[in-house]
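Architecture and fold: a report
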Amino acid sequence: MIKGQIISGRFGEIIARQKSDEELELGELLVADTEKGKILLQVYDLLYGSQISQQNLELISGMKLEEHNNLEFMEPHLRNYKLAVMKNLITINEKKAVSSKNLPVFFSEIREVTKEDLSFLTKPEDAFMIGNLRSGTKSLDFPIYLPGKQVFSHHILITGTTGKGKSVLMSNLIWDCVEKDYCALLVLDPHDEYYGRNKIGLKDHPSRKVVYYTSKNVPTGARSLKINLSAVKPEHLSFMDFSPPQTQAMNAFYKKYGEKWVESIILEKPLNVEFNDATVAVLKRRIVFLLDLDFDGEQLYCEGIFDLKAGETTISDICSELEKAGTVIIDTSNFSGQTELLVGSLIASETLRRYKNYKVRGELKDKPIISVVLEEAPRVLGKEVLERGSNVFATIAREGRKFKVGLVAITQMPSLIPRVILANINTKVILGTEMSTERQAIIESASQDLSSDNRAIASLDKGEAIVSSNFARFALPIAVPFFDEEVKKHIKKKNETNNFSGVKIE
Amino acid sequence: MKFAHIADCHIGAWRDPKLKDLSMQAFIKATNICIEKNVDFILIAGDLFNTSMPGIDYLKETTKRLKELKERDIPVYIIPGSHDQSPSGKTMLDVLEEAGLMINVVKGTIKDNKLQLKFTIDKKTGAKITGLLGRRGMLEKKYYEQLDNTNLESETGTKIFMFHTALTELKPKELEKMDSNPVSFLPKGFEYYAGGHVHIVRKETIEGYKNIVYPGPLMPSNFSELEKLRRGTFYIYNHGKLELIPIEIVKTYPLEIDANHKTPEEVHEFIEQCIKNQDFTNTIVLIRIEGKLKSGRQTDINFKAIFETLYKQDAFFVMKNTSKLSSEEFEEIKINTSSVEEIENVIIREHLGQIKTYFSDTEEEVTKNIMNSLSEEKNEGEKVYEYEEKVRKEINKILNL
């Protein structure tokens with residue numbers, strides 16, 4: 001279907017006149033056929049055009065508004081029109097797609113994109129679906145796949161303002177990954193929204209491979225989140241702003257008391273070196289709060305997820321589950337942000353340690369990529385946080401890909417993440433973002449040139465996104481499918497008959 | 001209400017007849033204590049016997065003990081464990097139950113393909129007891145997945161749940177590779193959760209679950225357990241209070257030797273020094289040697305002489321463990337310290353889907369069941385053709401032939 005005709009412009013700023021009975025939209029995909037093939041174009045700006053001079057237009061408008069005149073344009077569809085400004089996305093010659101280096105033929109017609117035009121977008125072997133291709137506001141029935149192994153090991157950023165569909169996109173992504181044997185996801189879920197204890201969620205995945213840890217009202221089949229205190233080491237608290245003397249005191253207690261270092265701080269056990277009483281008192285107070293502990297003379301009590309007896313194998317169980325390409329969701333909605341990050345830090349550190357060992361032993365190739373999903377990522381990847389010292393998440397962002405450990409960082413404030421870290425995140429899923437500083441941060445660090453997409457990003461509606469990735473030929477406009485609808489397609493009632501051998505059935 | 005919680009008696013475990021008898025003696029001693037302490041009833045949370053068809057002597061002795069308990073009006077409530085039933089669910093416990101000597105509390109109905117357990121009510125105390133059996137290879141997991149907890153949780157009164165499975169949240173570090181089920185599979189709000197299967201002593205309270213208890217085995221059943229636990233144990237619950245009762249039939253004397261930078265002769269000398277002039281009457285001596293010998297090989301250590309010395313000093317039994325011993329001169333052999341069951345599970349999983357079967361959905365379960373069936377030993381007095389027929393029937397049942 002012809003939608004317009006190219007009439008002027010230059011490379012990256014091609015201007016087309018819109019056909020009067022058609023409607024062009026920001027972000028719309030169009031095709032200009034050439035002698036050898038075709039060029040895929042995308043609209044990034046829209047403006048008016050007219051054959052009548054501005055002065056005359058203003059006069060005609062005045063006559064209509066002020067004198068209620070019934071003046072009409074002669075042949076209005078010829079004289080007044082809309083213009084679309086477009087950029088080249090890619091040049092397709094037969095089934096081969098190459099970066100565009102020339103302009104479409106002058107005055108060539110532009111038409112709506114069809115499935116056949118997109119046949120060069122093939123499904124990689126390790127594909128995971130990120131959404132359906134979108135042309136303007138129209139979702140095309142054309143799923144977009146990315147190469148999972150590369151995308152997950154080179155980190156993903158999901159950014160957008162609240163309400164633009166980050167959670168739905170993330171739910172879809174987790175759902176799709178559950179059965180992928182090349183990838184495992186560790187999801188730290190501060191809003192307890194992915195498992196779906198009271199709604200449709202990952203618990204409904206037919207594979208039953210999702211492992212869910214929670215500390216409150218544990219649903220049947222889920223695991224109680226209990227972590228043995230002996231698993232916590234001073235290095236796991238590096239994301240917190242402890243002063244140098246406090247850090248030294250922690251290390252001194254750890255050196256002397258080993259796994260019982262937390263207990264020794266709380267119960268004020270003696271050290272070989274002296275620290276200021278105030279330093280130890282502050283340290284004690286902060287650790288008591290962080291780990292939800294209580295003490296009474298010589299006895300330590302655990303009130304929260306950290307425990308003196310239970311949870312000896314929790315971290316190891318989670319890591320083993322991830323190594324089997326499992327999906328582990330940890331409900332962190334019941335504790336503070338710092339406790340959440342500590343839990344994440346404990347698991348991420350152990351995962352990275354194991355994977356480094358596998359690499360040394362030459363066993364890493366057989367292991368799945370482990371990706372850690374972090375909500376409000378600037379809490380650990382923010383400039384201010386990293387100025388105080390590095391942490392395991394920053395380490396993963398910088399060097400995780402060498403060890404098949406990646407991050408899925410979710411934020412509405414990407415500008416708080418240093419450029420060097422953003423540059424290391426090779427796939428960015430950009431949802432609607434109103435704040436210009438945030439748009440700028442994304443545009444500057446995107447894998448493709450998005451400098452002309454500033455307006456398009458601001459105008460992205462709920463569920464609309466642009467995917468910029470080192471592993472995509474161009475910045476892909478996508479529509480995120482509704483999670484509930486997708487899930488309902490896959491939920492099947494199992495009709496198998498259970499065998500309860502050994503139970504006396506009455 | 002006062003009751004005893006026993007688990008993992010493994011009567012008939014150990015290959016050596018001397019050690020085999022210890023498990024029987026431990027059971028006798030434990031039941032004697034129960035009588036002395038005047039308990040209302042006894043819970044046995046699985047693995048009373050080490051196999052589904054225990055030896056006649058052990059069966060006879062156990063029956064005698066159970067009969068005495070019955071005569072003293074101490075009911076025994078039991079769930080089958082992973083050891084004391086065959087893959088198809090056959091167990092000698094059924095015979096003992098038919099004789100009225102114990103009550104298997106694993107009973108229920110199937111509704112909408114879900115398992116609804118029923119309570120067995122203890123007449124004396126009114127305690128409501130139910131539970132789920134354990135099966136080899138964690139096959140009980142499916143039972144828990146299909147267990148309808150609604151009726152169990154809504155029942156009023158003092159409720160006890162018996163289980164024979166490893167619980168994820170309570171697993172000790174050394175058993176981290178063991179398959180386990182989350183606590184959330186158990187029905188909430190019971191007074192007591194009587195566990196078995198994992199040979200640890202542990203009592204824990206987790207939100208919604210009071211008194212989740214593993215009493216430990218009545219008699220440790222391998223070298224490491226003897227080293228770690230030293231003796232058997234069980235719990236007595238007395239009006240909300242728990243008392244751990246030790247069962248010590250023989251003493252244990254663990255001897256740990258670091259062989260690093262030592263010659264076999266030096267190791268020998270060191271052991272001789274350690275055991276010199278000691279009385280080992282009624283004691284199991286456990287010699288564990290770890291590290292890398294400076295020269296020679298482990299067989300150069302004169303264990304024969306050491307054993308002779310120990311038996312001369314009246315040791316009840318002597319055992320050695322050299323699985324982590326290597327030599328600088330000879331190539332180190334990598335020892336996988338996982339349990340046999342874990343190694344089997346790993347191998348099964350690695351080979352799943354390699355051949356086309358009509359049971360591809362349940363291949364793992366079927367494979368484990370077949371292996372379990374084929375590992376069943378011939379019973380005393382059982383004729384070869386009877387044994388073969390039994391195995392054939394089991395396999396046919398597993399394969400739905």
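What comes next is a walk through the structure. (Residues numbered from 1 in each chain as written. Chains lettered and ligands numbered in written order. Predicted model: local features only at pLDDT ≥ 70, side-chain atom pairs only at ≥ 80, totals over all residues. Heavy atoms only, no water.)

**Re the sheet that holds strand β1 (residues 2–6) of chain B**
All names here are of chain B. Inclusion rule: Strand pairing is defined by DSSP finding a minimum of two bridges between the two strands. Numbering of helices and strands runs from the N terminus; a helix is a DSSP stretch of H or I covering at least four residues, while a strand is a stretch of E covering at least two. Contacts were defined at the residue level, with two residues in contact if any of their heavy atoms lie within 4.5 Å. Only the stretch in contact is used when a helix axis is fitted, and all axes are lines through C-alpha atoms; the angle between N-to-C directions ranges over 0 to 180 degrees.
Strands sit in the order β4-β3-β2-β1-β13-β14 across an open sheet of six strands; the sheet is mixed. Edge positions in the sheet fall to β4 (103–104) and β14 (241–247), since each has one partner strand and no second. Pairing geometry for β1 and strand β13 (residues 232–238), over four bridges, is antiparallel. The residue of β13 that forms the bridge with His5 is Tyr235. Running at roughly 140 degrees to β14, helix α1 (residues 17–36) makes contact with β1, β2 (41–44), β13 and β14 of the sheet.

**Things to note about the sheet that holds strand β13 (residues 223–224) of chain A**
All names here are of chain A. Ordered by their spatial adjacency, 12 strands build an open sheet running β9-β8-β23-β22-β21-β10-β20-β19-β11-β18-β12-β13, and the pairing between neighbours is mixed. The outermost strands of the open sheet, each flanked by one partner alone, are β9 (138–147) and β13. In this structure, strand β10 (residues 156–159) lies alongside strand β20 (residues 405–411), joined through four bridges in parallel fashion. Its bridge partner being in β20, Leu157 is matched across the sheet by Ala409. Running over the sheet, helix α12 (residues 392–399) touches β19 (369–374) and β20 and is turned about 115 degrees from β20.

**Side note on the packing of helix α9 (residues 337–361) of chain A against α12 of chain A**
All names here are of chain A. The criterion, for reference: Should an angle lie under 35 degrees it is considered roughly parallel, over 145 roughly antiparallel, and from 65 to 115 roughly perpendicular; all remaining angles are considered oblique. Ten residues, namely Ala, Val, Leu, Ile, Met, Phe, Trp, Tyr, Cys and Pro, are considered nonpolar, four, namely Asp, Glu, Lys and Arg, are considered charged, and the remaining ones, Gly among them, are considered polar.
At a closest axis distance of 9 Å, the pairing of α9 and α12 adopts a crossing angle of 40 degrees. On the basis of the axis angle, α9 is oblique to α12. Residue-level contacts link Leu341, Gly344, Ser345, Ala348, Ser349, Leu352 and Lys356 of α9 to Val392, Phe393, Thr395, Ile396 and Glu399 of α12. Among the residues forming the contact of α9 with α12, the class breakdown is six nonpolar, four polar and two charged.

**What about α12 of chain A?**
All names here are of chain A. Selection criterion: Only protein chains enter the accessibility calculation, which uses a 1.4 Å probe. A residue is then buried if its area is under 20% of the maximum for its type, exposed if over 50%, and partly exposed in between. We define a polar contact as two N or O atoms separated by no more than 3.5 Å, with the added condition that, inside protein, one atom must be a possible hydrogen donor and the other a possible acceptor, whereas residues neighbouring each other in sequence contribute only through side-chain atom pairs.
Summarising burial for α12: six of the eight residues are buried, a large majority. The set of residues buried in α12 consists of Val392, Phe393, Ala394, Thr395, Ile396 and Ala397. Tucked inside the fold, the buried residues of α12 contact α9, β19, α10 (378–381), α11 (383–388), β20 and α13 (419–424). Residue Asn391 occupies the N-cap position of α12, its side-chain oxygen lying 3.0 Å from the main-chain nitrogen of Phe393.

**Points about the interface of chain A and chain B**
It is common to give the size of an interface as the accessible area lost on bringing the parts into contact. Heads up, the condition is: Put simply, buried area is how much 1.4 Å-probe accessible surface two parts lose in total, over both of them, once they are put together. In what follows, salt bridge is the name for a side-chain nitrogen of Lys or Arg lying within 4 Å of a carboxyl oxygen of Asp or Glu.
Contacts between the two partners involve 30 residues from chain A, matched on the other side by 37 residues from chain B. Roughly 3000 Å² is buried in total at the junction of chain A and chain B, and carbon and sulfur atoms are behind 46% of that figure. One can count seven salt bridges joining chain A with chain B. Here Lys173 of chain B and Glu259 of chain A are joined by a salt bridge, their closest N and O atoms 3.9 Å apart. Listing elements by their share of the side of chain A that touches chain B, those giving two or more residues are β13, α8 (314–323) and β24 (504–505) of chain A. In this sheet, strand β5 (residues 107–111) of chain B lies alongside β24 of chain A in parallel orientation, the contact comprising two bridges. Opposite Ile505 of chain A, over in β5 of chain B, you have Gly108 of chain B as the bridge partner.

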